[in-house]
Number of protein chains: 2
Amino acid sequence: MIKPYKTVIVDDHPIVSEGLQVLFSQSKEVEIIRSFKTGAALLDYGSLGKVDIILLDIFLPDINGIDLCLKIKKSYPKIIILAMSSQSERSIVLQMIKNGANGYLLKSASLDEFKSCIHKAIEGELAFSNEVKGIVQKTNIHDLKAIPRLTRREKEILLLLADGKSTQEISDALFLSYLTVQTHRRNLLSKCQVKNVAELLKFAKENAL
Amino acid sequence: MIKPYKTVIVDDHPIVSEGLQVLFSQSKEVEIIRSFKTGAALLDYGSLGKVDIILLDIFLPDINGIDLCLKIKKSYPKIIILAMSSQSERSIVLQMIKNGANGYLLKSASLDEFKSCIHKAIEGELAFSNEVKGIVQKTNIHDLKAIPRLTRREKEILLLLADGKSTQEISDALFLSYLTVQTHRRNLLSKCQVKNVAELLKFAKENAL
DNA sequence: ATTTTTCTACCTGTTTTCAGGTATTTTTTA
DNA sequence: TAAAAAATACCTGAAAACAGGTAGAAAAAT
């Protein structure tokens, strides 16, 4: 008999973890051995090397699931990582795959889809829930334009912009010259190839910046 | 012996519904009799009048949970409605309570919290999960400034603004004069008492507009 | 049927953002 | 330690947003 795949869940919603645990409680193939509420808790887990599958929520209270995926895959490339999220932004899905995830599940997927995706991933396939499948398929390579890497300052200013702050308010808050903030703003728009702040915020959301 | 409370779940994530069903499968007090993925499905439900408790997700694919709550309470004031959400924006919580909800649970709440809140609600109390409790308590009446009611056109334009569209693009899309769109923009900012589009979007998000 | 609200559109300014440059200093990385 | 990247700051001009006003037509509510 085959040993079941040791599986952990990373999700800050107990209900979801619980639901998944029940879903696989009968399974002989998948055994949920632990669940974590934060990325940090997972990384602190001593026996991470012995884990076979991680069911990973994209939105965690501490760290971004996309970055966490990359981090895990660097240390333990063999672990099968299945991303879960309630959003299906194309760019997030693609980033996740680029970072080594073995699949992407929408939380609105049916339980059958959940199971079958996990099976697929075990068999070595990239597994997507139905809704995500469409999104991935209609993606040509041109859409894979690199997601710009923002500097610390730029992220800081992006946050304040999202808060509705004006250039003047930002320069006051960060003790910078008005002109400096203007430059950062310009660089943000230029890097993300957008034309105004609203579009920038949309872009940032879509790409989980 | 007391009859169990007939409870339905409205949530578009099967995992959550499933988790809740399992959580209460042993309970003699609460009996989950059905679950729905959309607000429309719930409203179509013939036996809605016989339901005692509704566990209602705020974000549904078709209708806003806040409006749905009001609608249900108008027809069936006796039904206990417990709101669930992964967000805890103060304004959303308060709106929900104003619309007659009997409690507000964060999805990140523990299962024990879930259970105890449902108990509280049954006893007639307003039930909040711990994180929400703090938010509600530190709310004075001044914070209850009325959420402005937006007209259909305003909502339409708000959506396009969130998409990063400029005034010109909006006027083209809606076949309106540039000046008309300008007026609507101004009214939006004025109604929401904000000074720019970014702040408007933040406000809209916080208030689930 | 009448009042109220919404949608439409215009005018006049001021302020802010956007877009193009350049350039020095500081910090990080190789 | 040298090279690269980031953060800082300034200048100029065009474009867009913001703020104040008014007002008639259309639609909705009473």
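Treat the numbers as computed from the prediction; the structure is a model and nothing was measured.

1. Considerations on the sheet that holds strand E4 (residues 80-85) of chain B
Residue and element names in this part refer to chain B.
And step 1. The 6 strands lie next to each other as E2-E1-E3-E4-E5-E6, forming an open sheet whose pairing is parallel. What marks the edges here is a single partner per strand, and that holds for strand E2 (30-36) and strand E6 (127-128).
And step 2. Direction of pairing for strand E1 (residues 5-10) relative to E2: parallel, over a ladder of 6 bridges. Residue Thr 7 lies in a different strand from E2, and its bridge partner there is Ile 32.
And step 3. With respect to the sheet, helix H1 (residues 14-23) is in contact with E1, E2, strand E3 (53-57) and E4, its orientation differing from that of E2 by roughly 165°.

2. Comments concerning the UniProt feature "modified residue: 4-aspartylphosphate" (unreviewed entry) in chain A
All names here are of chain A.
And step 1. Mapped onto this numbering, the UniProt entry annotates "modified residue: 4-aspartylphosphate" (unreviewed entry) at Asp 57.
And step 2. One can find Asp 57 in strand E3 (residues 53-57).
And step 3. Its relative accessible area of 3% is what places Asp 57 among the buried residues.
And step 4. With near-sequence residues (within four places) excluded, Asp 57 lies in contact with Val 10, Asp 11, Asp 12, Gly 65, Met 84, Ser 85 and Lys 107.

3. Brief notes about the relation of the copies chain B and chain A
And step 1. The transform that puts chain B on chain A rotates by 180° and translates by 0.1 Å along the axis, for an RMSD of 0.2 Å. With respect to symmetry, the two chain copies, as superposed, fit the operation of a two-fold axis. Relative to the rotation axis, the closest C-alpha in chain B is found at Gly19(B), a distance of 1.9 Å.
And step 2. Mapped onto chain A, 100% of the interface residues of chain B again fall at the interface, so both copies present the same surface.

4. Here's the deal with the state of the cysteines
And step 1. Applying the stated rule across the entire model yields 0 disulfides over all chains.
And step 2. For the unlinked cysteine Cys117(B), the closest cysteine sulfur is that of Cys69(B), found at 16 Å.

5. Some points on the protein's contact with DNA strand C
And step 1. Near DNA strand C you find 21 residues, and of these Thr167(A), Thr151(B), Arg153(B), Ser177(B) and Thr180(B) are the closest.
And step 2. A distance of 3.5 Å is found between a phosphate oxygen of DNA strand C and a backbone nitrogen or oxygen belonging to Arg152(B).
And step 3. Separating a phosphate oxygen of DNA strand C from a side-chain N or O atom of Arg153(B) is a distance of 2.4 Å.
And step 4. Per-class residue counts for the surface near DNA strand C are 5 nonpolar, 9 polar and 7 charged.

6. So, the protein's contact with DNA strand D
And step 1. For DNA strand D, the set of nearby residues contains 21 residues, the closest of which are Thr151(A), Arg153(A), Ser177(A), Thr167(B) and Arg185(B).
And step 2. The protein-proximal atoms of DNA strand D, defined as those within 4 Å of the protein, are 67% sugar or phosphate.
And step 3. Contact distances for DNA strand D include 3.1 Å between a phosphate oxygen and a side-chain N or O atom of Arg149(A).
And step 4. Thr180(A) places a side-chain nitrogen or oxygen 2.9 Å from a phosphate oxygen of DNA strand D.
And step 5. Contributing elements (two or more residues each) for the surface near DNA strand D: helix H7 (152-162) and helix H9 (178-192) of chain A together with helix H9 (178-192) of chain B.
And step 6. When grouped by side-chain class, the residues that make up the surface near DNA strand D number 5 nonpolar, 9 polar and 7 charged.

7. Focus: the UniProt feature "domain: Response regulatory" (unreviewed entry) in chain A
And step 1. Per the UniProt record, "domain: Response regulatory" (unreviewed entry) is found at residues 6-122 of chain A.
And step 2. In this annotation, residues 6-122 of chain A is assigned 41% helix and 23% strand; the end-to-end C-alpha distance for the span is 12 Å.

8. As for the interface of chain B and chain A
And step 1. The interface of chain B with chain A comprises 30 residues on the first partner and 30 residues on the second.
And step 2. With both sides pooled, the region where chain B packs onto chain A buries about 2200 Å², and carbon together with sulfur makes up 69% of that total.
And step 3. For the pair chain B and chain A, the number of links is 4 salt bridges.
And step 4. Between Lys195(B) and Glu169(A) there is a salt bridge, with its nearest N and O atoms 3.2 Å apart.
And step 5. When contributions to the side of chain B that touches chain A are tallied by element, the ones reaching two or more residues are H1, helix H5 (111-122), helix H7 (152-162) and helix H10 (197-206) of chain B.
And step 6. No other element matches H1(B), which puts 7 residues into the side of chain B that touches chain A.
And step 7. Here the residues of the side of chain B that touches chain A sort into 13 nonpolar, 8 polar and 9 charged.

What counts as what
Residues numbered from 1 in each chain as written. Chains lettered and ligands numbered in written order. Predicted model: local features only at pLDDT ≥ 70, side-chain atom pairs only at ≥ 80, totals over all residues. Heavy atoms only, no water. Pairing = 2+ DSSP bridges. Helix = DSSP H or I, 4+ residues; strand = E, 2+ residues; numbered from the N terminus. Contact = heavy atoms within 4.5 Å. Axes fitted to C-alpha atoms, helices over the stretch in contact; angles between N-to-C directions. UniProt positions renumbered as here; feature names shortened; annotations may be inferred. Buried < 20%, exposed > 50% of the residue type's maximum accessible area, 1.4 Å probe, protein only. Least-squares fit on C-alpha atoms with pLDDT ≥ 70 in both. Disulfide = S-S within 2.5 Å. Near = heavy atom within 4 Å. Polar contact = N/O pair within 3.5 Å; in protein donor to acceptor, adjacent residues only side chain to side chain. Nonpolar A, V, L, I, M, F, W, Y, C, P; charged D, E, K, R; others polar. Buried area = accessible area lost by both parts, 1.4 Å probe. Salt bridge = Lys/Arg side-chain N within 4 Å of Asp/Glu carboxyl O.

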